[in-house]
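Residue-level structure breakdown
Listed below, chain by chain, are the residues.
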Amino acid sequence: MDFVNLEAQIDSSVKMLILCSPHNPVGRVWTREELTRLGEICLKNNILIVSDEIHFDLVYNEYKHIPIASISEALAIQTITCFSPSKTFNIWGVQTSVVIIPNRDLRERYKREINSMAIGWATPFGIAALESAYRFGEECWLD
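Bear in mind that the values here come from a model prediction, so they are computed numbers and not experimental data. (Residues numbered from 1 in each chain as written. Predicted model: local features only at pLDDT ≥ 70, side-chain atom pairs only at ≥ 80, totals over all residues. Heavy atoms only, no water.)

**Observations concerning the overall build of the chain**
Rules: Secondary structure elements follow DSSP: runs of H or I no shorter than four residues count as helices, runs of E no shorter than two count as strands, and numbering proceeds from the N terminus. Only protein chains enter the accessibility calculation, which uses a 1.4 Å probe; a residue is then buried when its area is under 20% of its type maximum, exposed when over 50%, and partly exposed in between. The criterion used for residue contact is that any of the two residues' heavy atoms lie within 4.5 Å. Here the accessible surface of atoms and residues is derived via Shrake-Rupley with a 1.4 Å probe, and residues count as covered only by protein chains that are part of the display.
Regarding its fold elements, the chain presents six helices and four strands. Helices and strands in the chain line up, N terminus first, as α-β-α-β-α-β-α-β-α-α. Counting every position in the chain, which comprises 143 residues, the buried fraction comes to 34%. In the chain, the share of contacts with a sequence separation of at least 24, taken over all contacts with a separation of at least 6, comes to 71%. Accessible area for the chain stands at about 9,400 Å²; split by element, carbon and sulfur atoms hold 56% of it.

Right, dumping it as structure tokens:
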């Protein structure tokens, strides 16, 4: 990650950073040090992190995915983490995903917006598929 260039791009108009972790399309798994540095930049500049972690379980065994929100409490409060079983388990059609927002105020704002568009509800099939994928899918599919 080019932190020098990133910091040079930040001004008061920057409100959010979208992180793809692991990176898509190259599959680059960010290190704890890289994520910590990125988090420090975002915290210092009050930038919300939206972390797209849809590929988190598609990494080679010698690498370890680290959710940026797990690095510190301060980063958890400043991060929205998104993931879904659709890529890993090839269940696109169920249109089910997970959004984790530890910050209560931010979570309530998110819920209001999603509900105002009537898109915040999972189907019973989607819930069953998500649960089955994460509960039973590693051994019979992912490995």
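**Observations regarding the nonpolar core**
We count it as follows: Throughout, nonpolar core names a set of buried Ala, Val, Leu, Ile, Met, Phe, Trp, Tyr and Cys residues whose side chains join them through atoms within 4.5 Å.
Core analysis: the largest hydrophobic core is formed by 14 residues, its most contacted members being L17, L19, L35, L38, C42, I49 and I68. Those elements that provide at least two residues to this core are strand 1 (16-20) and helix 2 (32-44). Among the elements that line this core, the one with the most residues is helix 2, at four residues. Apart from residues no more than four positions distant in its own chain, I68 is found in contact with L19, L35, L38, G39, I49, S51, E53, L75 and T79. Core analysis: the next-biggest nonpolar cluster, separate from the first, contains five residues, V50, I80, I101 and L106 among them.

**Digging into the sheet that holds strand 4 (residues 98-100)**
Going by this rule: Pairing between strands is defined by DSSP: at least two bridges between the two strands are required. Helix axes are fitted only over the stretch in contact, all axes being lines through C-alpha atoms; the angle between N-to-C directions runs from 0 to 180 degrees.
Read from one edge to the other, the open sheet built from four strands follows the order 1-2-3-4, with strand pairing classed as mixed. The open sheet terminates on both sides in strands that have one partner only, identified here as strand 1 and strand 4. If you compare each strand with its neighbour and ignore which way they point, the axes differ by 15° on average. As paired strands, strand 1 and strand 2 (residues 48-52) are joined by five bridges and run parallel to one another. Following the sheet pairing, M16 is matched in strand 2 by L48.

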